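Examining the three-dimensional arrangement
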Amino acid sequence: QVQLVESGGGLVQAGDSLRLSCAASGRTFSSNAMGWFRQTPGKEREFVATINWSGGNTYYADSVKGRFTISRDNTKNTVSLQMNSLKPEETAVYYCAASRFSSESSASWPYNYWGQGTQVTVSS
């Protein structure tokens, strides 16, 4: 059974940092792009960051560029999201996802495996 399990969420204050991790099991995703998305109640799921299969290419939503960093460790089948200078409006459930393809994408349709999400709450 393929699983993506996120961890590292929590309650922080505005300006703080948080590091999310996503551990994959059941198969290796070393040939697949990975991504992070987030969603708040009543809103559409929003793209945050993506990384290609090798980690050589990354792409970020404009709103997080310069503050968030996505990385991966293919030897451990993990992907991480370092989030700095967090803002209250970034309070959301953050989801890790694995793509069908090797190239990074900000669209959600290429991602066919999703984690259960981890809550990030940023207080003002």
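All of the points below concern the structure found in this document. Starting from 1, residues in each chain are numbered consecutively following that chain's sequence as written. In view of the model being predicted, local features appear only for residues whose pLDDT reaches at least 70, and side-chain atom pairs are presented and counted only at 80 or more, with totals across whole chains, interfaces and linings using the full set of residues. Processing note: side-chain calculations cover all non-hydrogen atoms of the structure and skip hydrogens and water entirely.

Focus: unusual backbone geometry
Negative phi characterises most residues that are not glycine, and trans characterises most peptide bonds. Here Asn77, not a glycine, exhibits a phi torsion of approximately 60 degrees, which is positive. To qualify as a helix, a DSSP run of H or I must reach at least 4 residues; to qualify as a strand, a run of E must reach at least 2; elements of each kind are numbered from the N terminus. Inspection of the secondary structure assignment puts Asn77 in the loop between strand E7 (68-73) and strand E8 (78-83). With a phi close to 50 degrees, Ser85 is a non-glycine residue in the positive phi region. Along the chain, Ser85 falls in the loop between E8 and strand E9 (92-99). Think of it in three bands: residues with accessible area under 20% of the maximum for their type are buried, residues over 50% are exposed, and the middle band is partly exposed, with areas taken using a 1.4 Å probe on protein chains only. Look at Ser85 and you get partly exposed, because its relative accessible area is 38%.

Topic: the state of the cysteines
When two cysteine sulfur atoms lie within 2.5 Å, the pair is treated as a disulfide. Throughout the structure, instances matching the rule amount to one disulfide. Two residues, Cys22 and Cys96, share a disulfide whose sulfurs are 2.1 Å apart. Across the S-S bond linking Cys22 and Cys96, the dihedral sits near -75 degrees, which makes this disulfide left-handed. Taken together, the residues Cys22 in strand E3 (residues 18-25) and Cys96 in strand E9 connect sequence positions 74 residues apart. Taken as a pair, Cys22 and Cys96 share a single burial class, namely buried.

As for the side chain of Thr50
Position of Thr50 among the secondary structure elements: in strand E5 (residues 46-51). Residue Thr50 is classed as buried on the basis of its relative accessible area, which comes to 0%. Any pair of N or O atoms that falls within 3.5 Å is considered a polar contact. Within protein, one atom must be able to donate a hydrogen and the other to accept it, and sequence-neighbouring residues count only if both atoms are side-chain atoms. One polar contact links the side chain of Thr50 to the main-chain carbonyl oxygen of Met34, over a distance of 3.0 Å. We call two residues in contact when some of their heavy atoms are within 4.5 Å. Residues within four places of Thr50 in sequence aside, it is in contact with Met34, Gly35, Asn57, Thr58, Tyr59, Ile70, Glu104, Ser105, Ser106 and Tyr111.

Section: the nonpolar core
In these notes, a set of buried Ala, Val, Leu, Ile, Met, Phe, Trp, Tyr and Cys residues joined through side-chain atoms within 4.5 Å is what counts as a nonpolar core. Judged by nonpolar contacts, the single largest core of 31 residues is most densely connected at Trp36, Phe68, Leu81, Met83 and Tyr94. Elements that contribute at least two residues to this core include exactly E3, strand E4 (34-39), E5, E7, E8, E9 and strand E11 (118-123). Counting residues per element, this core draws most heavily on E9, which supplies five residues.

Description of the pairing of E9
Within E9, seven of the eight residues are buried, which leaves the element mostly enclosed by the surrounding structure. Two strands qualify as a pair provided DSSP detects at least 2 bridges between them. The pairing of E4 with E9 spans six bridges and is antiparallel. Paired with Gln39 across the two strands is Val93, which belongs to E9. As defined by bridge partners, E9 adjoins E11 across three bridges and the pair is classed as antiparallel. Counted as the bridge partner of Ala92 is Val120 from E11. As paired strands, E9 and strand E10 (residues 111-114) are joined by three bridges and run antiparallel to one another. Pairing of Ala98 across the sheet is with Tyr113, part of E10.

Note that every value here comes from positions in space, so none of it alone points to a role or purpose.
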